[in-house]
Amino acid sequence: MRISDLLLCRWTCRHCCQKCYESSCCQSSEDEVEILGPFPAQTPPWLLASRSSDKDGDSVHTASEVPLTPRTNSPDRRCSSSDTSKSTYSLTRRISSLESRRPSSPLIDIKPIEFGVLSAKKEPIQPSVLRRTYTPDDYFRKFEPHLYSLDSNSDDVDFLTDAEILSKYQLGMLHFSTQYDLLHNHLTVRVIEARDLPPPISHDGARQDMAHSNPYVKICLLPDQKNSKQTGVKRKTQKPVFEERYTFEIPFLEAQRRTLLLTVLDFDKFSRHCVIGKVSVPLCEVDLVKGGHWWKALIPSTQNEVELGELLLSLNYLPSAGRLNVDVIRAKQLLQTDVSQGSDPFVKIQLVHGLKLVKTKKTSFLRGTIDPFYNESFSFKVPQEELENASLVFTVFGHNMKSSNDFIGRIVIGQYSSGPSESNHWRRMLNAHRTAVEQWHSLRSRAECDRVSPASLEVT
C-alpha cells in the first residue's frame, strides 16, 4: 500500500521529497495538486474547448466507479488512503484522456515548385538572367587611351631625370633662376637662355624659314594664367640668350603655394604661334629666399593654341539720350606681331545693326608693347527700339606701316555675341540702368567669330 502511495505521490505532489514515505503529504484538496507534464505555458484553445465535456464525463465516471477496498487495520488510515487513491486515479485518467485528445502537428512535405510544360519528362525551368552582349568596340570604349599611352604627359615625368626627359622628347633645355625679396615682397624670375631647341613646325605650309625658330618665353604663376609675362623674340636661333628679369608682386606664403610655369613658343608672323615645350616648378620645393638657378629639360605641352590676349571694356547705355557709350580701357598679353619691337596694337570698334555695318571707330596705336593702356571713350547713337538688334565688333590689330595691319584677335558683343562671356556683359549692361559695366574678354580668332556670329562676317 505504501509503495503504491509512494509512486502516485512522486507524480502528483509537490512535497514528495519530505513526506512521501509516510503518505501524509497526499491531500485530496485540488489546490495543492500540480500537474507536471508536456503542457505549454499558455492554455491552448483545444484544452479550453474540452473542459466542458470533461466535467460531464467525470460525473458519469464517479457515479459508476466502485471504490477500491483498502487493506489496512486502522479505520482512519483506511478512509484517508481510500480518498487519496480515488482522487489520484481520477486525475490519472483525466490526464490520459487529455493526452489522447490533444491534436498532433501534421507533417507537411513541401516540394520545390517547378514551372514547365506538361510532358512525360519533367524538366525544371530556371529563370534566365538578361545579359548584354558586348561587341569588341563596346569593350575597348571603356578604356581611356591617353592613360595608357607611353607618350602621354603623366606623372611618370616626375620620376625621370633631365637627361632621360631630353633623350625621350628632344625639345631642348631652359636655363632660369628664382629669388624672393622679403624686404619688398616680390618674386624675381630670371630667364637666362635655352639650347638645343627643335626646328620649327609649320601648320599651314606658309612658313618661309623652316631651319630656324624665333623663340620667346612666357612666364606665369599657376593657377593664375592671366597675370603673365613675356620675353622678347629672338630671331632665327635654336640657342637663344634672353637675360631678362620679371617680378611678381605676391606675398611669401602665397608664393609657396604657386607653381612657376615657363612656356617656350615659336613666333611665326604668317601663321599661329607654336608651343615648343614647357617647364613647371612647384615653388614649395625650392628655397625662395636663398634662390637658385636650374637647367630643366622641356616637356610637351597640352596647350596647342596660343592665347591671343585679353581686352578690358566698359559699356553704358543712356535711354533718354539714345546713346551707347563704349570705353576701351586696356589690353594685356596680346599676341606679338613684330619680331623686333613687339607690337603696335590698336582697337577697331564697329557698330552693326542687324546684318548691316553702320559705324566704325578706332583707337590710337601704341608702339612696341603687348600690354597697352588706352582709356579712350566712344559714343554711338542707338535708339532704344533698335538696341536689341545692335552688335559691337571689337577687333585688335597690330599696326604695320609697310603692309596691311596684322590681325590679333576679335570679339562680338550684342545681338550676335561670339560667346557666353560677351552675352553676359551685354545682358548686365541692359540691366544696369545708366551704370557703366566693366569686364575682361579673351580675344578669339577670326575663324571662330565668323563661325558663331553673323555680325563678324559683315566687317573687315
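Residues numbered from 1 in each chain as written. Predicted model: local features only at pLDDT ≥ 70, side-chain atom pairs only at ≥ 80, totals over all residues. Heavy atoms only, no water.

Draft legend 1. The overall build of the protein chain, seen in detail. Along the backbone of the protein chain there are eleven helices and 16 strands. Expressed as a percentage of the 460 residues in the protein chain, the buried residues total 37%. In the protein chain, the share of contacts with a sequence separation of at least 24, taken over all contacts with a separation of at least 6, comes to 63%. Carbon and sulfur atoms make up 53% of the accessible area of the protein chain, which amounts to about 29100 Å² in all. (Helix = DSSP H or I, 4+ residues; strand = E, 2+ residues; numbered from the N terminus. Buried < 20%, exposed > 50% of the residue type's maximum accessible area, 1.4 Å probe, protein only. Contact = heavy atoms within 4.5 Å. Areas by Shrake-Rupley, 256 points an atom, 1.4 Å probe, with all protein chains shown as cover.)

Draft legend 2. Up close: the sheet that holds strand 10 (residues 323-332). Strand order in the open sheet formed by four strands is 13-10-9-16, with antiparallel pairing between adjacent strands. Taken across any chain shown, the strands that pair with only one partner, and hence form the sheet edges, are strand 13 (373-381) and strand 16 (437-442). Adjacent strand axes in the sheet meet at a mean angle of 25° when their direction is disregarded. Where strand 9 (residues 310-318) and strand 16 come together, six bridges link them in antiparallel fashion. (Pairing = 2+ DSSP bridges. Axes fitted to C-alpha atoms, helices over the stretch in contact; angles between N-to-C directions.)

Draft legend 3. Inspection of the environment of T263 at higher detail. You can see T263 is positioned in strand 6 (residues 259-266). The class for T263 is buried, based on a relative accessible area of 8%. A C-alpha to C-alpha distance of 8.8 Å links T263 and C220, two positions 43 residues apart in sequence. Excluding its chain neighbours within four sequence positions, the residues that come into contact with T263 are Y216, V217, K218, V275, G277 and K278.

Draft legend 4. Geometry of the side chain of T363. Assignment of secondary structure puts T363 in the loop between strand 12 (356-362) and strand 13. In this structure T363 comes out as buried when scored by relative accessible area, which is 6%. For T363, the contacting residues outside a window of four places in its chain are V328, F346, V347, I349, Y374, E376 and F378.

Draft legend 5. Structural view of the pattern of salt bridges. Within the structure shown, the criterion is met by six salt bridges. Residues E310 and K332 are paired through a salt bridge, measuring 3.8 Å at the closest nitrogen-oxygen approach. Of this pair, E310 sits in strand 9 while K332 sits in strand 10, and the two are 22 residues apart along the sequence. In this structure, E310 and K332 share a single accessibility class: buried. Among the charged side chains, a salt-bridge network with shared partners connects E254, R257 and R258. (Salt bridge = Lys/Arg side-chain N within 4 Å of Asp/Glu carboxyl O.)

Draft legend 6. Summary view of helix 9 (residues 420-430). Within the sequence span of helix 9, burial applies to E422, H425, W426 and M429. One side of helix 9 holds all its buried residues, which, seen down the axis, span an arc of 95°. Residues of helix 9 that are buried sit in contact with strand 9, strand 10, strand 14 (390-398), strand 15 (406-414) and strand 16. (Arc of directions from axis to C-beta.)

Draft legend 7. Spotlight on the packing of aromatic side chains. In this structure the tally under the stated criterion is four aromatic pairs. Judged by centre distance (5.8 Å) and plane angle (40°), the ring pair of F176 and W294 falls under tilted. Taken as a pair, F176 in strand 1 (residues 173-181) and W294 in strand 8 (residues 292-297) lie far apart in primary sequence, 118 residues in all. Between F397 and F407 the ring centres are 6.0 Å apart and the planes differ by 80°, which places this aromatic pair in the edge-to-face class. Of this pair, F397 sits in strand 14 while F407 sits in strand 15; the two residues are ten residues apart in sequence, bridging distant segments of the chain. Grouping aromatic residues by their ring pairs yields a cluster made of F346, F397 and F407. (Phe/Tyr/Trp six-rings, centres within 6.5 Å; stacked < 30°, edge-to-face > 60°.)

Draft legend 8. Main features of the pairing of strand 9. A large share of strand 9 lies buried, amounting to eight of its nine residues. Relative to strand 10, strand 9 runs antiparallel, the two being bridged by nine bridges. The residue bridging L311 from the neighbouring strand is A331, located in strand 10. Two successive antiparallel strands, strand 9 and strand 10, enclose a turn made up of four residues, where G322 displays a positive phi of approximately 65°.

Draft legend 9. Main features of the sheet that holds strand 11 (residues 345-353). One open sheet holds the four strands; their spatial order is 12-11-14-15, and the pairing between them is antiparallel. Two strands bound the open sheet, and with one partner strand each, they are strand 12 and strand 15. Averaged over all pairs of adjacent strands, the angle between their axes in this sheet comes to 20°, without regard to strand direction. Bridge analysis of strand 11 against strand 14 gives nine bridges, and the strand direction is antiparallel. Its bridge partner lying in strand 14, Q350 is registered against V393. Helix-sheet contacts for helix 9 involve strand 14 and strand 15, and the interaxial angle to strand 15 is about 45°.

Draft legend 10. Representation of unusual backbone geometry. Cis geometry marks the peptide bond from L222 to P223; its omega dihedral reads 10°. You can see P223 is positioned in the loop between strand 3 (215-222) and strand 4 (224-230). Positive phi values are uncommon outside glycine, yet E243 reaches one of about 50°. Looking at where E243 falls in the secondary structure, it is placed in strand 5 (residues 241-249). Despite not being glycine, N375 shows a phi value in the positive range, around 55°. On the secondary structure map, N375 appears in strand 13.

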